[in-house]
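# Survey of secondary and tertiary structure
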Amino acid sequence: MRYLPKSPADREAMLQEIGAASIDTLFETVPAEYRLNRDLAIPRQHSEHEVIEAFKAYAAENATGYASFLGAGAYRHYRPVLIDVLSQRGEFLTSYTPYQPEIAQGTLQALFEFQTMICELTGMDIANASMYDGSTGAAEAVMMAVRVTGRSGAVIARTVHPEYREVLGTYAQHQGIPTAEVGYDSTGRIDPAALDAAITGDTACVLIQSPNFFGTIEDIAAIAELAHAKGALLIVSIAEAVSLGIVKPPKEADIVSLEAQSFGVAVGFGGPYCGVIAAKEKFLRQMPGRLVGEAKDTEGRRGFVLTLSTREQHIRREKATSNICTNQSLVALMVTIFLTVYGKGLRELAEQNLAKAHYLSQSLEQIEGASLLFAGAPRFNEFVLRTPSTAAENNAALLEEKIIGGLPLARWYPELGEGASLWCATELTTRAQMDAAAMALTRSAERNQELALT
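Residues numbered from 1 in each chain as written. Predicted model: local features only at pLDDT ≥ 70, side-chain atom pairs only at ≥ 80, totals over all residues. Heavy atoms only, no water.

The sheet built from 4 strands is open, its strands ordered β11-β12-β15-β14 with antiparallel pairing. The outermost strands of the open sheet, each flanked by one partner alone, are β11 (371-373) and β14 (407-408). Judged from the 2 bridges that link them, β14 and strand β15 (residues 420-424) form a sheet pairing that is antiparallel. The residue bridging P408 from the neighbouring strand is S421, located in β15. (Pairing = 2+ DSSP bridges. Helix = DSSP H or I, 4+ residues; strand = E, 2+ residues; numbered from the N terminus.)

Turning our attention to the pattern of salt bridges. Opposite charge on two side chains makes pairing possible when the charged atoms of those side chains draw close. For the structure shown, the criterion picks out 13 salt bridges. In this structure, K248 engages E252 in a salt bridge whose closest nitrogen and oxygen atoms are separated by 3.4 Å. The exposure class of K248 is exposed, given its relative accessible area of 58%. R443 serves as the salt-bridge partner of E401, at 2.8 Å between the closest nitrogen and oxygen. Taken as a pair, E401 in the loop between α13 (391-399) and β13 (403-404) and R443 in helix α14 (residues 431-453) lie far apart in primary sequence, 42 residues in all. Under the relative-accessibility criterion, E401 is labelled partly exposed at 37%. Overall, R443 belongs to the partly exposed group, its relative accessible area being 31%. Bridged by salt links that share partners, the residues D297, E299 and R301 form one connected network. (Salt bridge = Lys/Arg side-chain N within 4 Å of Asp/Glu carboxyl O. Buried < 20%, exposed > 50% of the residue type's maximum accessible area, 1.4 Å probe, protein only.)

Once that is clear, we can look at the sheet that holds strand β2 (residues 126-127). Pairing is mixed in the open sheet, where 7 strands are placed in the order β2-β8-β7-β6-β5-β3-β4. The outermost strands of the open sheet, each flanked by one partner alone, are β2 and β4 (179-182). As defined by bridge partners, strand β7 (residues 255-259) adjoins strand β8 (residues 275-279) across 5 bridges and the pair is classed as antiparallel. Considered in β8, the bridge of S257 is made with I277. On the sheet, helix α7 (residues 134-149) packs against β3 (153-157), β5 (203-209), β6 (233-238), β7 and β8 and is oriented at approximately 170° with respect to β7. (Contact = heavy atoms within 4.5 Å. Axes fitted to C-alpha atoms, helices over the stretch in contact; angles between N-to-C directions.)

This part takes up the pairing of β3. With 5 of 5 residues buried, β3 lies mostly within the body of the structure. Across 4 bridges, the pairing between β3 and β5 is parallel. Bridge pairing in β5 places G153 opposite T203. Across 4 bridges, β3 lies against β4 in parallel orientation. Among the inter-strand pairings, V155 is bridged to a residue of β4, identified as A180. Read as a crossover between parallel neighbours, the route from β3 over helix α8 (residues 162-175) to β4 is right-handed. (Right-handed = clockwise from strand over helix to strand, strands pointing away.)

Here T426 lies in the loop between β15 and α14. Within the structure, the side chain of T426 is placed 2.7 Å from the backbone oxygen of R76, a separation counted as a polar contact. Every residue in contact with T426, bar those within four places of it in the chain, is listed here: R76, H77, N353, K356 and N381. (Polar contact = N/O pair within 3.5 Å; in protein donor to acceptor, adjacent residues only side chain to side chain.)

Here we come to the side chain of S130. Secondary-structure assignment places S130 in the loop between β2 and α7. Only 2.8 Å separates the side chain of S130 from the backbone nitrogen of Q328, close enough to count as a polar contact.

Moving on to the packing of aromatic side chains. Under the defined criterion, the tally for this structure stands at 12 aromatic pairs. Judged by centre distance (5.6 Å) and plane angle (25°), the ring pair of F263 and F338 falls under stacked. With F263 in the loop between β7 and β8 and F338 in helix α11 (residues 329-342), the pair connects residues that are 75 residues apart, well separated along the chain. Taken individually, F263 and F338 each receive the classification buried, so the pair is uniform in this respect. (Phe/Tyr/Trp six-rings, centres within 6.5 Å; stacked < 30°, edge-to-face > 60°.)

Turning our attention to α7. Under the 1.5 Å per step criterion, the end-to-end length of α7 is 22 Å for 16 residues, consistent within 8% with the ideal 22 Å. Across the 16 residues that make up α7, a large majority, 13, are buried. Phi turns positive one or two residues past the end of α7, at G150, with a value near 75°. (Expected span 1.5 Å × (residues − 1).)

What follows is the structure, encoded as structure tokens:
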């Protein structure tokens, strides 16, 4: 927003117009003790050179040179340079919202390609042009299932990302959607017996995550059979999109909610990210967000248009399928470029993630007293490690060696104990970093053992 200063004469004219003798008269209703009777403590103006130096100093305060083993819904993957080269072109970076297709063909085609790639990866028939992120996408998918089935409730796996469940709880509370949570068994997968008991005649959908929050891959076919037998839809949430390079797509699901951050989107202090909803074609009319379609003009030439959109400006507000009135077009473009660059190489990328997580888990499991939880089930690039010392103690020891350890799980899963933490390895995790983490934890365990003996 531009700052438009007012001259003393302008101020006098404005005061006269409203019948105030002075600025003090205008604000006399504000108690004296709350009025500022001095100039603002604003530093002097700076030259361009000084501003640049100041920002360099701020940047230097950020942590650099650390090895990180955090995942849990935000993943460090290599971003090809081409992503920024193309996405920061003015045609994309400052593009007009594509309501008028005649001036937005480039943006519309990029989104169309995005939707096509998402369908190929998830095994679904249709996909929208993106959502805000994975958490809101999961909540929108549940509301979509309620509209489709005419039922009111939802069954949620406790292995869905805890923060996704918190967002869904906020949506469900105000939408009047009762939810029930189902726990997990010794494999880290959803408990099938508990799930079967939880699905009732009022259940619109079952929401699971795969790979789930523990990194474990769910048996989607079996869960779909349970849900469909009782008339409920199955929603599969995917937080680690790279897993689709090697994990079988959830074709048995009715709706897929995907967080596409792993596809070329920087972790970036928490966002912006890129959510997606994909589904079977028969649910097209209940999809939230925008869908870009292919069309032909009067001369038969191929073109692209917004086929469906739930924008509130389209008048029929009470019949809108969603309050989501925009999408993440620029971030979706980054995803499209990433997938175009990798192509079938996405499988090799996924294999690297799988192999590195396996090496890391085997290394950490050798630490005295450490064990892997849910080791019997297939998993992708994350796993749960439990140690005799607490996760907080482990991370404190690792930080001394510029290593950011696993995510402590006791906050959301107290039954796992204070020693449980979630570890992640991607293609950016080096063998040297993994060996260093294992050595640091080994030394920490030895020190703790010595202290216990004394």
